[in-house]
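Take a look at the letters that make up each chain.
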Amino acid sequence: DTGVSQNPRHKITKRGQNVTFRCDPISEHNRLYWYRQTLGQGPEFLTYFQNEAQLEKSRLLSDRFSAERPKGSFSTLEIQRTEQGDSAMYLCASSFDRGNQPQHFGDGTRLSIL
Amino acid sequence: GESVGLHLPTLSVQEGDNSIINCAYSNSASDYFIWYKQESGKGPQFIIDIRSNMDKRQGQRVTVLLNKTVKHLSLQIAATQPGDSAVYFCAENLGRGSTLGRLYFGRGTQLTVWP
């Protein structure tokens, strides 16, 4: 499968714990995006990388959230001191960087905070 | 504002009929639009895109129409099949400056196809 891969698919944790998600983009893509989606809503942008550089962050990305893409390939999204409101689907997408290109999404990581 | 919305939250059609899903956007600076299909438990799946210098684009069984005058986007699905049942999102990209990377999504339309 050469699509965007996300792990784990599901994560259940207690409030206050730290969690880390991984995204492996389509190999030829050098743009990588993170979104968050809650039930009944469309995805909301969190952050965006061009290769290893994090070029844009949403105001949704509080200081408890950090994303990295150290080698310009896979990316990780970490949430520290999780809160109930962090429960959501976390989606990763990737695209080429030539002009307007469609973003291709993975199947997400479903985070549930107990 | 920088928002994308939808006219109808749900749409039910009979198998074989054509479906039309509508989307309104508010930012006249948006220059790129994408339609996605999302099935339960999965991520959004790319269907078709259109740039602001076009008013129509066709794919396999799908057509996207863009009316910049009234800031309206529509997705037409021909001969709708049960496998088309899903939530459909339109998304826009401003394509300029610091917002080059992000897509803005609407709430989505739930399409249900019945036999």
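Check the entry above for the structure.
Source: prediction; values computed, not measured. (Residues numbered from 1 in each chain as written. Chains lettered and ligands numbered in written order. Predicted model: local features only at pLDDT ≥ 70, side-chain atom pairs only at ≥ 80, totals over all residues. Heavy atoms only, no water.)

## Topic: the pairing of strand E3 (residues 19-24) of chain A
Look at any regular strand and the pattern is simple: side chains alternate between the two faces of the sheet. Residues and elements named next belong to chain A. Alternating positions in E3 separate cleanly, Val 19, Phe 21 and Cys 23 being buried on one face and Thr 20, Arg 22 and Asp 24 remaining unburied on the opposite face. The pairing of strand E1 (residues 5-7) with E3 spans 3 bridges and is antiparallel. In the sheet register, Ser 5 faces E3, and the bridge partner there is Asp 24. Relative to strand E8 (residues 75-79), E3 is paired through 5 bridges, and the arrangement is antiparallel. Looking across to E8, one finds that Cys 23 is bridged to Ser 75. (Buried < 20%, exposed > 50% of the residue type's maximum accessible area, 1.4 Å probe, protein only. Helix = DSSP H or I, 4+ residues; strand = E, 2+ residues; numbered from the N terminus. Pairing = 2+ DSSP bridges.)

## Observations concerning the interface of chain A and chain B
It is common to report an interface's size as the accessible area lost on association of the parts. In this assembly, 23 residues from chain A lie in contact with 22 residues from chain B. Both sides together, the interface formed by chain A and chain B hides about 1,800 Å², and carbon and sulfur atoms give 48% of it. Its largest share of buried area at the contact with chain B, chain A owes to Glu 56, Asn 100 and Phe 105 of chain A, together 30% of the area lost on that side. There are 1 salt bridge connecting chain A and chain B. In this structure, Arg 102 of chain B engages Glu 56 of chain A in a salt bridge whose closest nitrogen and oxygen atoms are separated by 2.9 Å. Secondary structure elements with two or more residues in the side of chain A that touches chain B: strand E4 (31-37), strand E5 (44-50), strand E6 (53-57) and strand E10 (104-105) of chain A. Among the elements that line the side of chain A that touches chain B, the one with the most residues is E4 of chain A, at 4 residues. By residue class, the composition of the side of chain A that touches chain B is 8 nonpolar, 10 polar and 5 charged. (Contact = heavy atoms within 4.5 Å. Buried area = accessible area lost by both parts, 1.4 Å probe. Salt bridge = Lys/Arg side-chain N within 4 Å of Asp/Glu carboxyl O. Nonpolar A, V, L, I, M, F, W, Y, C, P; charged D, E, K, R; others polar.)

## Details of the layout of surface pockets
Empty space within the largest pocket amounts to approximately 430 Å³. Surrounding the largest pocket, 21 residues form its lining, Gln 37, Leu 39 and Gly 40 of chain A together with Gln 38 and Val 87 of chain B being those nearest its centre. Listed by contribution, the elements that provide at least two residues to the lining of the largest pocket are strand E9 (86-93) and strand E11 (109-114) of chain B. Counting residues per element, the lining of the largest pocket draws most heavily on E9 of chain B, which supplies 3 residues. Looking at the lining of the largest pocket, its residues break down into 6 nonpolar, 11 polar and 4 charged. (1 Å grid on protein atoms, 1.4 Å probe; cavity = no way out; pocket = protein on both sides within 12 Å on 5 of 7 lines; lining within 4 Å. Points joined across faces, edges and corners; volume = space filled by probe spheres on them.)

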